[in-house]
Amino acid sequence: MALETPSEFRNPTYAVPRSHAMSEADVARDLSTYFRNYARERPDVVALWCFGIGFVLGWKLKPW
């Protein structure tokens, strides 16, 4: 005897109600807030990452 599942669970578009879904703007704002808080707590780590990424990009792009 199989259990019946409600029709809304079978419908894949019902996964998250639109009112509770996060938009791309919300995600971007949350990520920028998280990064700013992390940069305030650990500025040395962020500075080293920025220097390392800039060094690798400058080395690979070779603008001269």
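Up top you'll find the structure we're talking about.
Residues numbered from 1 in each chain as written. Predicted model: local features only at pLDDT ≥ 70, side-chain atom pairs only at ≥ 80, totals over all residues. Heavy atoms only, no water.

A. Broad picture of the packing of aromatic side chains. In this structure the tally under the stated criterion is two aromatic pairs. Measuring from ring centre to ring centre gives 6.5 Å for Y34 and Y38, while their planes differ by 25°; the resulting arrangement is stacked. Here Y34 and its partner Y38 are both found in helix α2 (residues 24–41), four residues apart, which amounts to about one turn of the helix. Given the relative accessible area of 28%, Y38 is considered partly exposed. Just above the ring of W59 sits the side chain of K60; from NZ or CZ to the centre is 4.6 Å. (Phe/Tyr/Trp six-rings, centres within 6.5 Å; stacked < 30°, edge-to-face > 60°. Helix = DSSP H or I, 4+ residues; strand = E, 2+ residues; numbered from the N terminus. Buried < 20%, exposed > 50% of the residue type's maximum accessible area, 1.4 Å probe, protein only. Lys NZ or Arg CZ within 6 Å of the ring centre and 35° of its normal.)

B. Molecular detail of the pattern of salt bridges. Overall, the coordinates contain one salt bridge when judged by the stated rule. One salt bridge connects D26 with R29, and the closest N-O pair in it is separated by 3.0 Å. Within this pair, D26 and its partner R29 are both found in helix α2, separated by three residues, close to a single helical turn. Overall, the relative accessible area of 47% leaves R29 in the partly exposed class. (Salt bridge = Lys/Arg side-chain N within 4 Å of Asp/Glu carboxyl O.)

C. Just helix α3 (residues 43–61), in detail. Taking 1.5 Å of rise per residue, 19 residues should cover 27 Å, and α3 covers 26 Å from first to last C-alpha, within 8% of that figure. Looking one or two residues past α3, K62 carries a phi angle of roughly 40°, positive in sign. (Expected span 1.5 Å × (residues − 1).)

D. Highlighting a nonpolar patch on the surface. Nonpolar side chains collect at one region of the surface, where W49, I53, L57 and L61 lie side by side and expose about 490 Å² of accessible area between them. Residue placement: L57 occurs in helix α3. By relative accessible area, which is 48% here, L57 ends up partly exposed. (Patch = residues over 30% accessible without salt bridge, like charges linked within 9 Å, V, L, I, M, F, W, Y side chains within 5 Å. Areas by Shrake-Rupley, 256 points an atom, 1.4 Å probe, with all protein chains shown as cover.)

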